[in-house]
Amino acid sequence: MDLTILYRGPLASCDYDCPYCPFAKRRDSTARLRADRAALDRFTAWAAAQTGDRLSVLFTPWGEGLVRSWYRRALVDLSHLPHVRRVAIQTNLSCRTDWLGEADPGTVALWCTYHPGQTPYDRFLAKCRDLAERGIRHSVGVVGLPGHLDLARRLRADLPDHVYLWVNAAEGHTYTDADAAAWTDLDPLFPYSRRPHASAGLPCRTGESVVSVDGDGTVRRCHFVRTELGNLYDGSYRAALRPRTCPLAVCDCHIGYVHLETLPLYDVFAGGVLERVPAGTGAPPRPPVQPWTTGGP
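Residues numbered from 1 in each chain as written. Predicted model: local features only at pLDDT ≥ 70, side-chain atom pairs only at ≥ 80, totals over all residues. Heavy atoms only, no water.

Caption draft 1: A look at the overall build of the chain. A tally of regular secondary structure across the chain gives eight helices and 13 strands. The dimensions of the chain, computed from C-alpha atoms along their principal axes, are 65 × 55 × 40 Å. Counting every atom, the chain has about 13,800 Å² of accessible surface; 52% of that belongs to carbon and sulfur. Charged side chains of the chain number 34 positive and 32 negative; the gap between the two group centres comes to 3 Å. (Helix = DSSP H or I, 4+ residues; strand = E, 2+ residues; numbered from the N terminus. Areas by Shrake-Rupley, 256 points an atom, 1.4 Å probe, with all protein chains shown as cover. Lys, Arg positive; Asp, Glu negative; His and termini not counted. Charge placed at Lys NZ, Arg CZ, Asp CG, Glu CD.)

This is the structure in structure tokens:
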């Protein structure tokens, strides 16, 4: 089986206070953090044991995962498993980045969001440059609010050319054609995010080759359809995997509509669907290998 898993455990806390996010500055209790760690450890152990499958994993926590040691360790450990094609996480990049020195750069990847007003610009940019120097696949993006436009332009100018800068349409915000053109200048794929996609009755990979998993192991087709397909840990979900059409009227989140078969995004992001890296971008050119010599003049 070739399976993509979007994992979201109990964690719901974040160290940022973004006004457009319902989970800003939420704190988890000690008990909740312990439950989240136990759930993630269980999931990582399950993934490690699935040697007969090919897995791709995207962590999509409600809060910020990489400030927690267990998420960093999970990414490192999963990156070294030969049957894991990709392991990635959505992050605000507030954590340090030196831990990535333990990960396999051919497998691990980051989906990074810049939140103006939450972190100094130079600090965020320095971490992005460190990722590039380490050869870590990553994308960088912003929410397309009017007050973010100038900083997004600055970020595009300062990021390495190979790093894709994405723009998410702000929830509830309407874009004029002129507004949309400004954002499209930065992200040619912004038109996919500008408006929700009509999806009712259309074929989608979720529920067949892509599933959502929560901390208890409950499997659903995606984060937005609550119907259960079974449980990861007793294997009951496998019998439910099959081609499906979307039961919702619209799909307006990238981690959902990227899997619609009526959109060309699997070709656009070939090799980088989970980390939102378009084909042909996302990793710096490797330095040339220096010839090995035995010494002498």
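Picking up after the structure, the text goes on.
Caption draft 2: Fine view of the sheet that holds strand 4 (residues 108-113). Pairing is mixed across the open sheet formed by nine strands, whose spatial order is 6-5-4-3-2-1-9-10-11. The open sheet is flanked by strand 6 (165-168) and strand 11 (225-231), the only strands paired with a single partner. On average, each strand axis in the sheet is tilted by 25 degrees relative to the strand beside it, whichever way the strands run. Bridge count for strand 1 (residues 2-8) against strand 2 (residues 54-59) is six bridges, and the pairing is parallel. Within strand 2, the residue paired with Leu6 across the bridge is Leu58. (Pairing = 2+ DSSP bridges. Axes fitted to C-alpha atoms, helices over the stretch in contact; angles between N-to-C directions.)

Caption draft 3: Here's a closer look at helix 3 (residues 121-134). Helix length check: helix 3, at 14 residues, gives a terminal C-alpha distance of 20 Å against a target of 20 Å (1.5 Å per residue), a fit within 8%. Where helix 3 is concerned, the buried positions are Tyr121, Phe124, Leu125, Lys127, Cys128, Asp130, Leu131 and Ala132. A positive phi of about 75 degrees marks Gly135, the residue just after helix 3. (Expected span 1.5 Å × (residues − 1). Buried < 20%, exposed > 50% of the residue type's maximum accessible area, 1.4 Å probe, protein only.)

Caption draft 4: Focus on the environment of Ile5. Among the secondary structure elements, Ile5 is positioned in strand 1. Not counting residues up to four positions away in its chain, the partners in contact with Ile5 are Phe43, Trp46, Leu55, Ser56, Val57, Leu58, Val211 and Val213. (Contact = heavy atoms within 4.5 Å.)

Caption draft 5: Structural detail: the pairing of strand 1. Along strand 1, six of the seven residues are buried, which leaves the element largely enclosed by surrounding structure. Alignment of strand 1 against strand 9 (residues 210-214), held across five bridges, turns out to be parallel. Within strand 9, the residue paired with Leu6 across the bridge is Ser212.

Caption draft 6: Local environment of the packing of aromatic side chains. If you walk through the whole model with that rule in mind, you get ten aromatic pairs. Residues Phe43 and Trp46 carry aromatic rings whose centres are separated by 6.0 Å and whose planes lie at 25 degrees to one another, so their mutual orientation is stacked. Here Phe43 and its partner Trp46 are both found in helix 1 (residues 30-49), three residues apart, which amounts to about one turn of the helix. Among the residues examined, Phe43 registers a relative accessible area of 0% and is labelled buried. Taking the relative accessible area as the measure of exposure, Trp46 reaches 10% and is therefore buried. The interplanar angle of 80 degrees and the centroid separation of 6.1 Å between the aromatic rings of Phe43 and Phe59 together place this pair among those described as edge-to-face. Of this pair, Phe43 sits in helix 1 while Phe59 sits in strand 2, and the two are 16 residues apart along the sequence. (Phe/Tyr/Trp six-rings, centres within 6.5 Å; stacked < 30°, edge-to-face > 60°.)

Caption draft 7: Structural view of unusual backbone geometry. Positive phi outside glycine occurs at Leu93, with the angle close to 65 degrees. Assignment of secondary structure puts Leu93 in the loop between strand 3 (84-91) and strand 4. On the accessibility criterion, Leu93 (2% relative accessible area) is buried. Here Arg276, not a glycine, exhibits a phi torsion of approximately 60 degrees, which is positive. The residue Arg276 is located in the segment after helix 8 (265-268) in this model.

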